[in-house]
Amino acid sequence: MRPAPVTVRAAAKVNLVLSVARPRSDGMHPLDTVYQAISLYDDVRASPAEEWEVGVTPVGGVDCSGVPLDEGNLAVRAGQLLAAHHGLDRAARLDIDKGIPVAGGLAGGSADAAAALVALDRMWHLHTSDDDLLDLAAQLGSDVPFALLGGTAHGGGRGEQVTPLEDTGDHWWVVVPDAGGLSTPAVYREHDRVRPDAPETPPASHALLAALADGDHAALAAALHNDLEGPAVSLRPELGERLALVRAHHEGAVLLSGSGPTVLALSSTHEGATQTRRALLEAGVPVVHVATGPVAGAHVVELVG
């Protein structure tokens, strides 16, 4: 019997705090971060195929021109890794409806990989354990395990060691994409150049964790921090102008998302976020989203048959 297609939804992530240490001997950077999944989504539909195939459809004007349509796509690598884990010689077609901006520091590729793991596991009836899925996710990239979990979580190691956190708040995010992407490896290299004195161990995010536990929005906003913001602006000085523009139209915390170039503004209410969005659109910013968090990690939204 031919397996039925399965569609899985996975969310974008933001880093509430991102502290970066100097690189280890293997070249990876120890991180202390707090992730939050927000309501910008990619949907990945897995269906049977003889060879690996990828299709990408933009949602909401997302530029998908840089998304690989071959084995360079992280979702395909996720499927291959899952099949190898079970000793299987299988392939599939993965159709991605992409609503997460590409190369924007929002972990869209990681979301697709997490969605592919869940969709293929379900379609192939593999019943992979949660621990094994998380281990496979960690092999694919630092953000993939969190994309499986969603919600709000603390990240250690290089970001792949995730621990769910209690988050009693409703957070509203103004998300301002940039037309040009930024290479994450390039931003980390610039971090190492401009911060040669970075510590061997990243500082812990005690203030932000306390703010989340207390549901204290003001303390949370004050604790937002991203060590990669300066290096990203160093590579793309116009991002400094974009950050300043958003700050001029938003009463609250503003920071870069991950390695950039997406800019985030935090609001305690939906009304406040929509007011900022309206002001930025009137100021000439072409695309501005409003999203909420935390939301669920990768989950099945359609099971045909």
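Before any of the text, the structure's been laid out above.
A quick note: this is a predicted structure, and the numbers were derived from the prediction, not measured. (Residues numbered from 1 in each chain as written. Predicted model: local features only at pLDDT ≥ 70, side-chain atom pairs only at ≥ 80, totals over all residues. Heavy atoms only, no water.)

(A) Local environment of the overall build of the protein. The secondary structure content of the protein amounts to 10 helices and 12 strands. Over its C-alpha trace the protein gives a radius of gyration of 19 Å, about what one expects of a compact globule, namely 19 Å for 305 residues. Counting across all 305 residues of the protein, residues that qualify as buried make up 53%. Sequence-distant contacts in the protein: of pairs separated by 6 or more residues, those separated by 24 or more amount to 78%. Of the side chains in the protein, 20 bear a positive and 39 a negative charge, and the two mean positions are spaced by 4 Å. (Helix = DSSP H or I, 4+ residues; strand = E, 2+ residues; numbered from the N terminus. Rg over C-alpha atoms; globule rule 2.2 N^0.38 Å. Buried < 20%, exposed > 50% of the residue type's maximum accessible area, 1.4 Å probe, protein only. Contact = heavy atoms within 4.5 Å. Lys, Arg positive; Asp, Glu negative; His and termini not counted. Charge placed at Lys NZ, Arg CZ, Asp CG, Glu CD.)

(B) Focus on the sheet that holds strand 9 (residues 254-256). Taken together, the four strands give an open sheet; going across it, the order is 9-10-7-11, and neighbouring strands pair in antiparallel fashion. The open sheet terminates on both sides in strands that have one partner only, identified here as strand 9 and strand 11 (289-293). Direction aside, the axes of adjacent strands within the sheet are offset by 30° on average. Where strand 9 meets strand 10 (residues 263-267), three bridges bridge the pair, whose relative direction is antiparallel. Paired with Leu256 across the bridge in strand 10 is Val263. Lying on the sheet, helix 10 (residues 270-282) is in contact with strand 7 (171-176), strand 10 and strand 11; it crosses strand 7 at an angle near 15°. (Pairing = 2+ DSSP bridges. Axes fitted to C-alpha atoms, helices over the stretch in contact; angles between N-to-C directions.)

(C) A look at the environment of Gln161. Among the secondary structure elements, Gln161 is positioned in strand 6 (residues 161-164). Assessed through its relative accessible area of 48%, Gln161 is described here as partly exposed. In this structure, the C-alpha to C-alpha distance between Gln161 and Arg247, residues 86 residues apart in sequence, is 32 Å. Setting aside chain neighbours within four positions, we find Gln161 in contact with His154, Gly155 and Gly156.

(D) Representation of unusual backbone geometry within the structure. Residue Pro261 follows Gly260 across a cis peptide bond; omega there is 10°. Going from Gly293 to Pro294, the amide bond is cis rather than trans, its omega being 0°. With respect to the element layout, Pro294 can be found in the loop between strand 11 and strand 12 (299-303). You will see that Ala107, though not glycine, has its phi angle at about 60°, which is positive. Relative to the assigned elements, Ala107 resides in the loop between strand 4 (91-98) and helix 2 (108-123).

(E) View of the nonpolar core. Residues Leu16, Leu94, Leu120, Trp124, Trp173, Leu208 and Leu224 are the most contacted members of the largest nonpolar core, which totals 59 residues. Looking at this core, the element that brings in the most residues is helix 2, giving 10 residues. In this structure, Leu18, Tyr188, Val263 and Ala265 belong to the second largest nonpolar core, which totals 21 residues. (Core = buried A, V, L, I, M, F, W, Y, C linked by side-chain atoms within 4.5 Å.)

(F) Highlighting helix 3 (residues 130-140). Every buried residue of helix 3 is accounted for by Leu133, Leu136, Ala137, Ala138 and Leu140. Among the structural elements, helix 1 (74-85), helix 2 and helix 4 (144-149) are those in contact with the buried residues of helix 3.

(G) Up close: the pairing of strand 7. Of all six residues that make up strand 7, five are buried, and the element is covered over most of its length. Bridge count between strand 7 and strand 10: five bridges; the pairing is antiparallel. Along strand 10, the bridge assignment pairs Trp172 with Ser267.

(H) Region of the structure containing the side chain of His29. Within the element layout of this structure, His29 appears in the loop between strand 1 (6-20) and strand 2 (31-49). For His29, a relative accessible area of 8% puts it in the buried group. Here His29 is in contact with Val20, Ala21, Arg22, Pro23, Gly157, Arg158, Tyr188, His191 and Asp192, once residues within four sequence places are set aside.

(I) View of the packing of helix 1 against helix 3. Running from N to C, helix 1 and helix 3 cross one another at 135°; their axes reach a closest spacing of 10 Å. Comparing the axis directions of helix 1 and helix 3 gives the class oblique. Both helix 1 and helix 3 take part in a crossing whose hand is right-handed. For the pair helix 1 and helix 3, the contacting residues are Leu74, Arg77, Ala78, Leu81, Leu82 and His85 in the first and Asp132, Leu133, Leu136, Gln139 and Leu140 in the second. The class makeup of the residues in the contact of helix 1 with helix 3 is seven nonpolar, two polar and two charged. (Parallel < 35°, antiparallel > 145°, perpendicular 65-115°, else oblique. Left-handed = near helix turned anticlockwise from the far one by under 90°. Nonpolar A, V, L, I, M, F, W, Y, C, P; charged D, E, K, R; others polar.)

(J) Region of the structure containing the packing of helix 1 against helix 2. Two elements in contact, helix 1 and helix 2, have axes separated by 8 Å at closest approach and are oriented at 35°. The two elements helix 1 and helix 2 meet at a crossing, and its hand is right-handed. Contacts between helix 1 and helix 2 pair Leu74, Ala75, Ala78, Gly79 and Leu82 from the former with Gly109, Ser110, Asp112, Ala113, Ala116, Leu117, Leu120 and Asp121 from the latter. Its residues assigned to classes, the contact of helix 1 with helix 2 shows eight nonpolar, three polar and two charged.

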